[in-house]
Amino acid sequence: MADKKFVLAGVMGWPVGHSRSPLLHNHWLKKYKLNGAYVLLPVQPGRLTDAVRGLGALGFAGCNVTLPHKVEAMALMDSVAPMARKIGAINTVVVQPDGSLHGTNNDGFGYIASLLEAHPAWHADAGPIAVLGAGGAARAVLVALAERGAKDIRLLNRTDTKALELAAELGAPVTALPWDVRHDALANVAMLVNTTSQGMHGNPALDLDLHTLPRDALVSDIIYVPLETPLLAQARARGNPTVNGLGMLMNQARPAFEAWFGVMPDITPELRQAMETSVRA
Ligand code: ATR
């Protein structure tokens, strides 16, 4: 029976052992009674081309791509979605029926979906947005916020030149501000986003004073280990609404799962619980 065909997907990265994506996708495969598996694909730097080119022959419907391969993988695609092109990286490969490879980046979609899931009334144009960090994750967040209608995005990065370069590349509504003014740059913002690695498990907390941040500003951290970073804990203690990074991870997976397995999956409270338990373990 055609619907019993075994379909494979996975995540290519190096290292990749810590990925929570198998838990997510295999939960959905079971829930929707699909015949397939989502596996870890440890692909060393330098082996990416061979690995990507082998996907179709191995029976893969596609895969996720994570660090350090996200930028390099884009160049190996036969076609790239406009959003991924703007972000400058892909996080998903879909093997097309003719064997060609299509690259997408669902991180921005996942980010916006996670905000709306936690705060359905959220609007990108509610006021100025401060984004900290100018790495790969920042690019996805910035492109998604701009596409969603943000009018004023203040970009701040420890290495100022990187913020200036990224703001110049993306153009309006993104403008760069010096890292030194980050504490005061929070005045009048409707939203603050951390895309830096600071506050992640094993790293020190972000060096940021929230005294000028309006108490109704939404504070978003794309980190999900831990679920509550020191930034989010500090924001919550002073009354700010917060969103952690788990929703972004879960929501970026939904369109990828649909592209590979043909079902747009749901995020149920049970799945969220399982993911939170795995993150705390
Ligand atoms: P990702 O793809 O996850 O965004 P990345 O490209 O390595 O990862 O980016 C990490 C981000 O965290 C960068 O914006 C980095 O700032 P620099 O451009 O100055 O390196 C930021 N970051 C790392 N360590 C930091 C620190 N101690 N203080 C502030 N920002 C830091």
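These numbers were taken from a predicted model, which means no experiment stands behind them.

Draft legend 1. Layout of the overall build of the protein. From N to C terminus, the protein includes ten helices and twelve strands. Relative to the 2.2 N^0.38 estimate, which gives 19 Å for 281 residues, the radius of gyration of the protein is 19 Å and therefore close to what a compact globule would have. With the C-alpha coordinates of the protein rotated into their principal frame, the extents come out at 60 × 40 × 35 Å. Residue burial in the protein is summarised as follows: out of 281 residues, 52% are buried. Sequence-distant contacts, at least 24 apart, represent 67% of the contacts inside the protein between residues at least 6 apart. Per element, the accessible surface of the protein, about 12900 Å² overall, is 55% carbon and sulfur. The positive charge centre, built from 24 side chains, and the negative charge centre, built from 24, are 5 Å apart in the protein.

Draft legend 2. The environment of Leu192, seen in detail. Mapped onto the secondary structure, Leu192 falls in strand β10 (residues 191-194). Residue Leu192 is classed as buried on the basis of its relative accessible area, which comes to 0%. Distance from Leu192 to Thr159, taken between C-alpha atoms, is 19 Å for residues 33 residues apart in sequence.

Draft legend 3. Geometry of the site of the ligand. The immediate surroundings of the ligand are formed by 13 residues, with Ala134, Asn157, Arg158, Thr159 and Lys162 found nearest. Between an oxygen atom of the ligand and a main-chain N or O atom of Ala134, the distance comes to 3.0 Å. Between the ligand and the protein, one listed contact pairs an oxygen atom with a side-chain N or O atom of Thr159 at 2.5 Å. Considered class by class, the residues forming the shell around the ligand number three nonpolar, eight polar and two charged.

Draft legend 4. Representation of the domain arrangement of the protein in the model. For the protein, the assigned domains read domain 1 (7-105) and domain 2 (108-246). Centre-to-centre, using C-alpha coordinates, domain 1 lies 27 Å away from domain 2. Contact between domain 1 and domain 2 buries roughly 630 Å² in total, counting both sides, with carbon and sulfur atoms accounting for 58%. Counting the contacts that link domain 1 with domain 2 gives one salt bridge. A salt bridge links Lys86 to Glu147; the nearest nitrogen and oxygen atoms lie 3.1 Å apart. The interface formed by domain 1 and domain 2 includes two residue pairs in polar contact (both at pLDDT 80 or more). Residue composition of the side of domain 1 that touches domain 2, by class: two nonpolar, two polar and two charged.

Draft legend 5. Highlighting the environment of Ala130. Along the chain, Ala130 turns up in strand β7 (residues 129-132). The sequence separation of Ala130 and Met191 amounts to 61 residues, and the corresponding C-alpha distance is 6.4 Å. Leave out the neighbours within four places in its chain, and Ala130 touches Arg154, Leu156, Leu186, Val189, Met191, Leu192 and Val193.

Draft legend 6. Highlighting helix α8 (residues 230-237). Taken together, the buried positions of α8 are Leu231, Leu232 and Ala235. Within α8, the buried residues cover an arc of 95° as seen down the axis, which keeps them to one side. Elements in contact with the buried residues of α8: β10, β11 (218-221) and β12 (242-243). One or two positions beyond α8, positive phi appears at Gly239, with a value near 100°.

Draft legend 7. Structural context of the pairing of strand β2 (residues 36-42). The sheet contact formed by strand β1 (residues 7-13) and β2 spans seven bridges and is parallel. Along β2, the bridge assignment pairs Val7 with Gly36. For the handedness criterion, the β-α-β arrangement of β1, helix α1 (residues 21-31) and β2 is classed as right-handed.

Draft legend 8. Focus on the sheet that holds β12. In spatial order, the strands read β9-β8-β7-β10-β11-β12; together these six strands make up an open sheet with parallel pairing. Looking along the sheet, the strands with just one partner apiece sit at the ends: β9 (174-177) and β12. The pairing of β7 with strand β8 (residues 153-156) spans four bridges and is classified as parallel. Following the sheet pairing, Leu132 is matched in β8 by Leu156. Strand contacts of helix α7 (residues 160-170): β8 and β9, with the helix running at about 165° to β9, the strand carrying the most contacts.

Draft legend 9. Molecular detail of unusual backbone geometry. The amide bond that connects Trp14 to the next residue, Pro15, takes the cis arrangement and shows omega of 0°. Even without being glycine, Lys33 reaches a positive phi, approximately 50°. Accessibility expressed as a relative area gives 70% for Lys33, which makes it exposed.

Draft legend 10. Main features of the packing of aromatic side chains. In total, this model carries five aromatic pairs according to the counting rule given. With a centroid separation of 6.4 Å and an interplanar angle of 50°, the aromatic rings of Tyr32 and Phe257 are classed as tilted. With Tyr32 in the loop between α1 and β2 and Phe257 in helix α9 (residues 246-261), this pair connects stretches of sequence that are 225 residues apart. With relative accessibility at 23%, the residue Tyr32 sits in the partly exposed group. Between the aromatic rings of Tyr38 and Trp260, the centroid separation amounts to 6.0 Å while the plane-to-plane angle is 40°, which identifies the pairing as tilted. Of this pair, Tyr38 sits in strand β2 while Trp260 sits in helix α9, and the two are 222 residues apart along the sequence. Summarising the burial analysis for this pair, Tyr38 and Trp260 share the class buried. By way of ring pairs, the aromatic residues Trp28, Tyr32, Tyr38, Phe257, Trp260 and Phe261 are connected into one cluster.

Criteria and cut-off values
- Residues numbered from 1 in each chain as written.
- Predicted model: local features only at pLDDT ≥ 70, side-chain atom pairs only at ≥ 80, totals over all residues.
- Heavy atoms only, no water.
- Helix = DSSP H or I, 4+ residues; strand = E, 2+ residues; numbered from the N terminus.
- Rg over C-alpha atoms; globule rule 2.2 N^0.38 Å.
- Buried < 20%, exposed > 50% of the residue type's maximum accessible area, 1.4 Å probe, protein only.
- Contact = heavy atoms within 4.5 Å.
- Areas by Shrake-Rupley, 256 points an atom, 1.4 Å probe, with all protein chains shown as cover.
- Lys, Arg positive; Asp, Glu negative; His and termini not counted.
- Charge placed at Lys NZ, Arg CZ, Asp CG, Glu CD.
- Near = heavy atom within 4 Å.
- Polar contact = N/O pair within 3.5 Å; in protein donor to acceptor, adjacent residues only side chain to side chain.
- Nonpolar A, V, L, I, M, F, W, Y, C, P; charged D, E, K, R; others polar.
- Domains from an automatic or database assignment.
- Buried area = accessible area lost by both parts, 1.4 Å probe.
- Salt bridge = Lys/Arg side-chain N within 4 Å of Asp/Glu carboxyl O.
- Arc of directions from axis to C-beta.
- Pairing = 2+ DSSP bridges.
- Right-handed = clockwise from strand over helix to strand, strands pointing away.
- Axes fitted to C-alpha atoms, helices over the stretch in contact; angles between N-to-C directions.
- Phe/Tyr/Trp six-rings, centres within 6.5 Å; stacked < 30°, edge-to-face > 60°.

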